[in-house]
Every structure is written in structure tokens, then in C-alpha cells.
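# Topology and contacts: notes
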Amino acid sequence: MSKLSQLQQLESLGWPVPAFTSVAYADFLAGERPEGLRFPVAVRSSYLTEDGEENSQAGQYLSRLNVGESELEAAIADVFNSYPTQEGTQVLVQEMVDPDFSGVLFAFREGSWKLEYTEGLGEALMSGQKSGQTLLLPRFGAWDVRWSAIFNFWKGAETGGKPLRRAFIQLSYITGQLLEQLDARHGLDIEFAVSKGKLWLLQARPITTPEEAEEVLTSANHKEILPPEPSRLMTDLITDAGPALFGYYRDLDPSLPQRAFLRAAGGMPWINLSALLDTMVHWGLPTQLVCRSVGAEDFYQVGLRPWRCLAKLPVFFKVLGQQRQAKQRIQTWQRKAAVETDLGKAEREPFWLIDPAKAFSHWCDSFSSLYVELVTNMQILTGAMSGPVGLLERLGLLHRLAAAIQQKSASTDYLQAFREWERGQRSTTQFLEAFGHRGFYESDLGQPRFREYSEADWEALRKGVDFTAPSKPQPRRKRQPLWAWLFRPVIDLIHTREWIRHETMKLFWEYREELNGKLPFAPWSFTQAELSAFFENEWRADEMAERQPPKPVGWDMDTFLCNQLGRRLPVTVLSNVSASQQNHQQGIGVYPGKVRGQVWRVASADLRTVAPPPFPVIILVADALDPGWVPFFSKVDGVASYVGGLLSHASIMLREAQVPSITQIPAQLDFQTGDWVEMDAQKGTIRRVEEG
């Protein structure tokens with residue numbers, strides 16, 4: 001496809017294109033020259049194979065900008081001479097736009113839309129001689145273009161003001177239309193200019209590098225529930241479940257494109273934040289809703305758009321219907337899942353002997369189904385709770401409600417039981433009967449459970465407990481205030497969410513125990529394909545033991561852009577994100593209280609790190625938290641984490657146990673063990689102070 005045919009298509013579809021014409025080589029030799037254009041003009045190459053669907057020759061042929069009338073003939077000759085052959089070719093002549101801003105939009109069908117722009121002409125930006133600004137462009141619609149004249153619902157670019165933002169909103173809408181109208185399998189590379197607030201399209205060629213499609217990935221709650229280096233098998237299993245997990249949203253709204261909820265990068269499973277935010281934009285909801293709940297940067301910064309919400313009322317009615325029946329539905333599913341787990345295990349048992357590869361495949365499919373249903377139900381519950389919980393937080397009633405309700409969640413019962421075991425008020429056998437299926441980072445099948453612990457492990461868990469010191473008094477039970485009954489349904493949903501986690505961990509334990517019992521080696525450091533090869537007798541047990549799996553990168557970045565080739569860039573390369581991060585000065589209070597003490601900085605929860613330092617007042621500071629940190633919570637006076645949300649499992653537990661705690665503390669606050677700090681969990685602040 002040539003540039004000329006692209007512009008002819010754009011013009012025929014009614015999109016804004018600067019006036020243009022073309023000159024055929026034969027006509028140019030015959031003395032014909034373009035007429036009717038205002039100078040200066042751009043004389044651009046338009047070779048037939050320049051912008052193909054499979055490969056691009058962009059930049060290989062000459063183009064001349066700001067050509068005056070006296071220079072036109074020489075410029076056309078120069079462009080023709082840059083072609084490998086001139087016969088049957090044409091040169092494009094187009095009126096120059098005097099742009100305030102110009103740039104390029106890479107609009108992938110499967111991936112984020114990356115926009116790069118600069119002030120003035122974009123030629124230096126395209127050639128790499130000049131670095132501009134970069135942002136990810138939300139997918140806006142026709143009504144967004146209309147309402148953008150009245151409402152400022154998108155922060156967008158940091159420079160250029162409202163006229164540039166409106167031009168970008170229009171560019172987004174036009175791009176969506178072009179992807180429907182043009183045959184571009186992987187997406188479009190669109191060059192544009194903005195002059196006095198008016199958008200001009202200069203080119204729209206097919207993208208030929210689908211592997212460059214980027215998504216924004218985030219650790220989010222995975223950093224809370226999975227260890228710094230999750231087992232390879234668990235990473236493999238849950239990454240494969242990514243498309244099925246996004247199916248929850250597509251079931252609600254079939255107009256959503258197919259995306260993956262999870263993506264693997266650097267050997268780690270990440271949540272596809274861009275897919276979630278594109279869904280929020282599609283439904284007209286503020287993108288901050290998702291980012292605040294998962295503790296990630298809002299790289300879109302799109303606000304509420306009521307006109308879009310009205311168009312999506314059927315979707316919201318579906319969501320409300322699910323949420324009204326959430327508790328009953330989930331309890332029914334949990335009972336069904338327990339039965340199906342037992343039946344599946346019995347069904348697989350004979351095949352482990354006669355066809356172990358088939359049994360393993362069935363094991364993987366069954367676990368994947370369980371995982372998808374668990375996460376889907378968690379999403380339903382979180383959606384039902386997020387609005388009321390946000391309201392309670394703004395009213396300052398969330399922590400008071402958690403303290404007022406006498407019945408606590410399964411996670412808080414777990415914390416209380418561990419405290420009782422730790423101080424000898426409950427035997428190990430009694431603790432195991434109720435909570436033996438739990439442990440550090442229990443959402444990873446590769447992590448040991450309490451039932452597998454040795455005597456030495458139990459001694460390590462109790463290490464650092466001062467048995468001579470009186471136990472901390474439990475908060476005095478107060479009569480439940482009448483207003484608390486109004487919000488009782490919210491607490492019921494929170495408790496249902498923690499109950500489903502507790503019960504599903506029992507099923508996780510069954511899957512772990514089953515696979516461990518069928519292999520002469522620990523299977524968790526291998527992928528599904530590698531274990532299938534073993535079960536099919538392609539590898540021997542000793543060969544498996546000698547294999548050195550690649551080391552995962554760990555949670556080295558909270559939120560980043562990643563393409564299909566595995567290239568990762570921190571999200572701070574986006575201009576609007578780097579600016580907004582400077583304003584992030586405090587965290588979110590989980591349960592109020594002022595604590596002055598010393599930091600116990602722990603990166604990972606395990607038996608090696610469970611012994612606390614000998615400080616009189618300890619404030620635990622961690623990257624992220626989940627119920628697996630129970631052995632740590634019983635030894636500290638306050639808790640702060642860099643990643644988390646008001647509805648994370650750990651936040652619910654800490655709030656109900658009335659432990660002063662903060663989450664989402666600013667990343668620039670780098671605390672180390674021994675630092676003296678003062679935290680005010682009411683305000684969500686933590687700061688260094690003088691010793692003592």
C-alpha cells in the first residue's frame with residue numbers, strides 16, 4: 001500500500017486530511033506539474049510497496065518538507081530518484097500544515113495505544129533525532145468527542161491544554177473507526193498534526209510489527225498473595241488462565257475485545273492493568289476505581305463519563321444482579337467445588353498408574369477451572385463491596401464498623417488462633433485441625449502448608465515471642481451501635497470473601513498433596529510442558545532433578561509496559577504518570593492509630609525472616625501483605641506496606657484485629673530495619689523521626 005492510496009482512503013471516509021495530489025512518473029517526464037495547492041508543500045514518497053501489511057519500507061525513500069514553488073520540480077525529481085525503479089510510480093504532493101504539535105500513534109488491535117508527540121514538526125521525532133512525550137491513549141468514542149467541549153473528563157497530556165486534549169480525544173475516536181474500516185490486521189501506525197486545535201491525519205499505514213504491541217502489567221494483588229519468586233508451575237497455570245479470567249468481563253459485555261487478564265513476563269505472572277482500565281473507559285467509569293483498589297498508577301486518568309454509563313446500563317444491571325445474589329451464589333459454588341475436587345481426584349486415581357500424562361492434564365484442567373472460578377467470584381464480591389467500602393472510608397466509619405461488628409472474618413479467626421498457639425493457649429494439633437491447610441503465600445501451590453512443617457519449623461515460628469511479657473489485651477467488646485446494622489450486608493460480603501479464601505485454600509492443599517504424591521521429586525519448579533514430557537517418558541527423574549530452571553525476575557517493578565518480546569519499561573516513561581507520582585506523598589490508612597517505634601523491614605514472609613528484631617516497639621514495613629504474614633502480625637505494634645488496598649485480605653484482617661496500619665505508602669520512602677519512624681494511620685502518613 002502506498003501513502004497515496006492511504007490518503008485517498010482517509011479522504012473518502014471523510015476524515016481530516018490536508019489537501020494533496022499526486023504526480024505519476026510518466027506525466028512528470030512529460031512536463032506535468034501539480035496545481036491548485038498552497039505553498040509550502042511536502043513532497044513525499046509513495047512507492048507501491050512502501051507500507052505493506054506484512055513488511056514496511058518506511059523511511060527508505062526520500063521526502064522533502066516545506067518546499068516552495070520554485071523548489072517543487074527539483075524536490076519531485078529527488079523523490080523519484082530515491083525509488084529503486086521509477087516506472088509506474090507516483091510522488092505525493094501535500095499542503096504543509098503548520099503544527100503546534102505533531103506525532104505518531106501506534107494503535108494495536110491487541111495491546112495499548114501508544115502516542116508519541118512533540119511541539120512543532122514531528123519529522124525529528126519520527127527519525128529518532130528528537131525525543132518527545134509519550135502517553136497511552138484511552139479508546140474514546142463519538143460522544144466523548146462531543147462532550148469534551150464542555151467537560152474536562154481526561155487529564156491527558158501535561159502540555160498543550162484543553163485544545164490538545166480535545167484533538168487527542170478526536171484522534172482516539174477516529175482511530176477506532178479506522179480499525180473497523182481499514183484492513184490492517186495488527187493495527188495502524190498513524191501520523192498526525194495538531195494546528196490551532198484542529199487535528200490533521202498525515203498517514204495511516206498498517207503495523208507490521210505485532211510483537212511490539214505493549215500492555216501495562218502490574219504486580220497489584222499478586223505481589224500480596226504470591227512469593228517474591230512464585231513456583232514456575234503456579235505461574236504457568238495461572239497465566240494460562242488469563243483469557244478465561246477476562247471472560248468474566250466479556251460475559252457481561254460481549255462488545256469488549258478479547259484480552260488476557262494475566263500475562264507472563266520475566267518468569268512472573270502479572271495482572272494486565274491496561275485491559276482492566278480499557279474496560280473501565282469502555283463502560284464510562286473512572287479509571288481510578290481500579291487503580292486505587294489494586295494500588296497501581298493510573299496512567300489513563302479518565303474520569304466519570306455519564307453519557308457512556310447510560311449506554312452501558314444493561315451491563316451494570318447484569319453486575320447488580322450478580323452482586324445481589326453474590327453470597328448465595330458463592331456459597332453454592334464452594335460446596336460444588338469441594339465435591340468436584342473429590343470426584344476429580346477419584347477419577348484421576350486409576351490414570352496415574354496407566355496413563356499418568358492424561359491424569360496430569362486432567363489435574364491441570366481441574367485446577368485451572370477452580371482458579372478461574374475463585375478469581376471470578378472474588379471479582380464479583382470486590383465489585384459489590386467497593387462502592388459501600390469507599391463511602392464508609394470517606395465518612396470515616398470503615399474502621400469503626402470493623403471494630404463494632406463482634407463476629408470476625410475467617411482470616412481474623414486465623415490470626416487469633418495463631419496468637420493463641422504462639423502463647424501456648426492452643427495446641428499444635430488443635431491449630432492444625434482448623435488451619436493446617438494454610439501457610440506462607442498459600443495461594444501458590446508450590447509453597448508448603450503448616451501440615452508439612454517439622455518440629456524445627458514450629459520452633460522457628462514461635463521464635464522471638466517473649467513469654468514473660470503479658471499478652472496484649474484484646475480490645476474491649478462494645479455494644480454494637482444501631483447504625484452498624486445498616487451496613488451489616490457490607491460486612492457479610494467481606495466475611496464471605498474471607499470465608500471463600502479459607503475454604504478454597506483447603507482445596508489448594510488437596511491439589512498440592514495429590515501431585516506431590518505422584519512424583520519422585522518436587523514438581524513446582526517445572527512448567528506444565530516439562531512435567532508432561534516426564535509423564536510421557538521423554539525425560540527421566542534424574543534428568544528432571546538436574547535441570548536448572550531460569551530464575552524469575554521477581555516483583556522488580558510494580559507497574560510497567562511490556563511487549564510480546566519481553567521488553568519492559570517502567571510506567572514512569574509516560575509523561576502524565578511521572579508528573580502524578582510527584583504528588584503521591586501519603587498512603588491509605590487501614591486502621592487508625594499513632595505508633596512511634598523502629599522499623600522491621602521484611603521483603604518476604606518465610607521461616608528465615610519470621611524472628612523479629614529486639615525492639616521495644618516494632619513497626620513492620622513490607623512490600624505487600626496477605627494472610628500468610630499472620631506469624632508476623634502477632635509480633636508487631638504497627639504495619640505499613642507499599643502495595644495493597646482497603647479490600648485486600650491483609651487489610652481486612654488488620655482492620656478487624658485493630659492493628660494500626662497503612663497501605664500504599666509512597667515508593668520514595670525507603671525504610672530499613674532499625675529506622676525510627678512515627679506513623680499516623682488515621683492520616684496515612686509515616687515519617688522518620690529522631691531516635692528514642
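The preceding data block contains the structure.
What this report covers is the structure whose coordinates are included nearby. (Residues numbered from 1 in each chain as written. Predicted model: local features only at pLDDT ≥ 70, side-chain atom pairs only at ≥ 80, totals over all residues. Heavy atoms only, no water.)

## A short note on helix α20 (residues 455–462)
Those residues of α20 that sit buried are W458, A460 and L461. The buried side chains of α20 occupy one side of the element, clustering within an arc of 155 degrees when seen end-on. Opposite its buried face, α20 presents the exposed residues E455, A456 and E459, each directed more than 90 degrees away. Looking at the buried side of α20, the elements it contacts are α18 (410–422), α19 (428–435) and α26 (630–633). (Buried < 20%, exposed > 50% of the residue type's maximum accessible area, 1.4 Å probe, protein only. Helix = DSSP H or I, 4+ residues; strand = E, 2+ residues; numbered from the N terminus. Arc of directions from axis to C-beta. Contact = heavy atoms within 4.5 Å.)

## Let's talk about the packing of aromatic side chains
Applying the stated criterion across every chain, the model contains 51 aromatic pairs. Note on W270 and F560: the rings are 4.6 Å apart at their centroids and 90 degrees apart in plane angle, and the pair reads as edge-to-face. On the criterion of sequence distance, the pair formed by W270 in strand β12 (residues 268–272) and F560 in strand β13 (residues 559–563) is long-range, its members being 290 residues apart. Like W270, the residue F560 is buried in the burial classification. By the ring-pair criterion, three or more aromatic residues cluster together here, those being W352, F360, W363, F367, Y371, F508, Y511, F521, F526, F534 and F535. The ring of W143 has R146 lying over it, and the distance from NZ or CZ to the ring centre is 4.8 Å. Cation over ring: R568 sits above F560, and NZ or CZ is 5.0 Å from the ring centre. (Phe/Tyr/Trp six-rings, centres within 6.5 Å; stacked < 30°, edge-to-face > 60°. Lys NZ or Arg CZ within 6 Å of the ring centre and 35° of its normal.)

## Things to note about the sheet that holds strand β3 (residues 64–67)
Read across the open sheet, the 4 strands follow the order β1-β4-β2-β3; overall the sheet is antiparallel. Each end of this open sheet is capped by a strand with a single partner; those strands are β1 (20–24) and β3. Averaged over all neighbouring strand pairs, the angle between strand axes comes to 25 degrees, with direction disregarded. Direction of pairing for strand β2 (residues 41–46) relative to strand β4 (residues 90–95): antiparallel, over a ladder of 6 bridges. In the sheet register, V41 faces β4, and the bridge partner there is E95. (Pairing = 2+ DSSP bridges. Axes fitted to C-alpha atoms, helices over the stretch in contact; angles between N-to-C directions.)

No statement about biological role is implied by the geometric values presented.
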